[in-house]
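Residue-level structure breakdown
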Amino acid sequence: MEQFDVLVLGGGWAGVSAAIRAAELGAKVSLIEKGDIGRVGFQRRHALFMEGRGTISPSSSWDEYKTALNLEAEDYCQSLRDKLDAVNVSIVEGEGKLANQGEMSVQLNDGGHLLLKGKTVILACGSAPRFPSTLPHEDGVVISIEEISQLPTLPEKVMVIGRGSSACETALGLQKRGCKVFLCSEQKELFSEMDEDFNIEIERQLKERKIKILAGKKLISFYKTGGELEVTLETGIKFSAHQIVIAGDRRGVEGISEIEKLGIRLGEHQKIFVDEAMMTSLPGVYAVGSVAGELTSDTLSQEEGKVAAENTLGKKKKLNREWVPQIARLSSDVAYVGCNMKTAGHQGFHPVEGVFDREPHADGNLAQVKEKYKIVADKRTRLIVGVQIISKRSSDWISMFLLLIKKGVTVGNLANSISPEGAGISGLCEAARNCARALKAP
């Protein structure tokens, strides 16, 4: 029986991040993955975002598009293997399962069998889509976002069900490929992590792309008639679509309930309970990525993996989800980090905000979209505790602002910063100035 310091089950971005970080800290690490490392997550994230890569354009056929996606996925998978090899992570190709507290049973892809022993274990085996009882999975009709890249053709009319980055990106990606899109969510806000004014702006920009937003609406029924699906929502709204894509709810992977017998507590839909250190209820066993909750972004998966890896080696690190920058690729990138006006009070702050809107040029070009910036600060300390951005340059700035927040930057520091006119940071400086005025108000 081969022994390791850390065993990682799952080769998605969360598992790879955990394995690399543990190895960088000097641990002997083995990563177990039955498929191509990173492929499933890459294709789910990029299936509708290949324009601008190589020869792909909006006029490219769907077959050409999928060919480019597969080539990019192969390059990505190889790059992850190279990173793992560079830090001497042992890669085991096979289907693993937790046999005991520190043991992993692996059915190898070549037909053999291995039993690996580790001082600690990190479960990063992902999740599967969860289909509501009223919307059971049906090939080509009711599908998950993972299946989009396998479709022979894209539907003329499609209904996307979900919220947050995954659902909104899917809706926009399908619209760009020529589909008529209905985006339906039972919740009224597409991004619960952002304030109402930002949700309103996100909806407006999606509607400009001719995406029909049906927020706060619950699906009542659908039935097939000819080649279409007749859909009815609870408010009496009716429309037809050719396909329904589930882009939100997840459940634990098949067979994961077996680990409950080992003492690992499972939540609703077989998701694994973890604490702030990403440890399960079984000492020495951690869980990261969507197996421990909802479908996670790249940044959150990476942070969860790093937190778990450091804790497996005796460090005391906790995950604060609010301090992980989040980015959604929409008409303009949407990014946020830290507290919003709704959550700041729960953290013990007395929140005050500053907002700045930059209007687009009046040339009717959809590429020119409204930019929006928000600073959330604590009224007592005047420290910045949150940032929200809608801008083409959101992804360039959001990580930097997390560092500034952690360094204790005040509203005055940012408001008095010098930035070139039109620079990405100038919008945030203006928001800070408006926040400074709000702080002075009685």
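Below or above, wherever it landed, is the structure these notes cover.

Rules used throughout
- Position numbers for residues start from 1 in each chain and track the written sequence from start to end.
- Totals for whole chains, interfaces and linings use all residues, but because this is a predicted model, local features are given only for residues with pLDDT of at least 70 and pairs of side-chain atoms are given and counted only at 80 or more.
- For side-chain calculations, the full set of non-hydrogen atoms in the structure is used, while hydrogens and water are omitted.
- Here a helix means four or more residues in a row that DSSP labels H or I, a strand means two or more in a row labelled E, and each is numbered from the N terminus.
- The size measure is the radius of gyration over C-alpha atoms, and the globule rule it meets is 2.2 Å times the number of residues to the 0.38 power.
- Buried, partly exposed and exposed residues are distinguished by accessible area as a fraction of the type maximum, computed with a 1.4 Å probe on protein chains only: under 20%, between the cut-offs, and over 50%, respectively.
- We call two residues contacting when some pair of their heavy atoms lies within 4.5 Å.
- For the accessible areas, the method is Shrake-Rupley and the probe is 1.4 Å, while residue cover comes only from the protein chains on display.
- The convention is simple: Lys and Arg are positive, Asp and Glu are negative, and His and the chain ends are not counted.
- Taken as the charge location is NZ of Lys, CZ of Arg, CG of Asp or CD of Glu.
- Helix span, expected: 1.5 Å multiplied by one less than the number of residues in the helix.
- Here a salt bridge means any side-chain nitrogen of Lys or Arg lying within 4 Å of a carboxyl oxygen belonging to Asp or Glu.
- Strands pair, by our definition, only if DSSP identifies at least two bridges between them.
- Here an angle of 0 to 180 degrees is reported between the N-to-C directions of two axes, which are lines fitted to C-alpha atoms, with helices fitted over the stretch in contact.

Some words on the overall build of the protein
- The number of helices and strands found in the protein is nine helices and 21 strands.
- Relative to the compact-globule value of 22 Å for 442 residues, the protein shows a C-alpha radius of gyration of 23 Å, a close match.
- Seen through its C-alpha atoms, the protein measures out along the principal axes to roughly 65 × 60 × 45 Å.
- Counting the 442 residues in the protein, one finds 52% classified as buried.
- Within the protein, contacts between residues at least 6 apart in sequence are counted, and of these 59% link residues at least 24 apart.
- In the structure as shown, the protein presents an accessible area of about 20,100 Å², 49% of it carried by carbon and sulfur atoms.
- Once the 56 positive and 58 negative side-chain charges of the protein are each reduced to a mean point, those two points are 5 Å apart.

Points about helix α3 (residues 62-86)
- With 25 residues, α3 extends 36 Å from end C-alpha to end C-alpha; this agrees with the ideal 36 Å at 1.5 Å per step.
- Of all the residues in α3, the buried ones are Trp62, Tyr65, Lys66, Ala68, Leu69, Ala73, Tyr76, Cys77, Leu80 and Leu84.
- The inward-facing, buried residues of α3 contact α1 (13-24), β2 (29-33), α2 (39-46) and β3 (90-100).
- A positive phi of about 65° marks Asn88, the residue just after α3.

Details of the pattern of salt bridges
- Taken as a whole and assessed by the stated rule, the structure comprises 30 salt bridges.
- Across the pair Lys374 and Asp197 runs a salt bridge, and its minimum N-O distance is 3.1 Å. With Lys374 in strand β20 (residues 371-378) and Asp197 in helix α5 (residues 196-208), this pair connects stretches of sequence that are 177 residues apart.
- Here Glu276 makes a salt bridge to Lys318, at a shortest N to O gap of 3.7 Å. In this pair, Glu276 is assigned in the loop between β15 (250-252) and β16 (285-287) and Lys318 in the loop between α6 (298-312) and β17 (326-328), connecting sequence segments 42 residues apart.

What about the sheet that holds β17?
- A sheet is described by the order of its strands in space; here five strands give the open sequence β17-β18-β21-β20-β19, paired in antiparallel fashion. Edge strands, defined here as strands with exactly one partner in the open sheet, are β17 and β19 (351-358). For this sheet the average axis-to-axis angle between neighbouring strands, irrespective of direction, equals 10°.
- Bridge analysis of strand β18 (residues 334-338) against strand β21 (residues 384-390) gives five bridges, and the strand direction is antiparallel. The residue bridging Gly338 from the neighbouring strand is Gly386, located in β21.

Some remarks on the environment of Phe131
- Structurally, Phe131 can be placed in the loop between β6 (127-129) and β7 (142-144).
- The spatial distance from the C-alpha of Phe131 to the C-alpha of Gly112 is 34 Å, given a sequence separation of 19 residues.
- In contact with Phe131, not counting residues within four places along its chain, are Pro136, His137, Val142, Ile143, Ser144, Glu147 and Ile246.

What about the pairing of strand β11 (residues 219-225)?
- Bridge analysis of β11 against strand β12 (residues 228-233) gives six bridges, and the strand direction is antiparallel. Following the sheet pairing, Phe222 is matched in β12 by Val231.
- Connecting β11 to the next strand, β12, in antiparallel fashion are two residues, including Gly226 with a positive phi near 65°.

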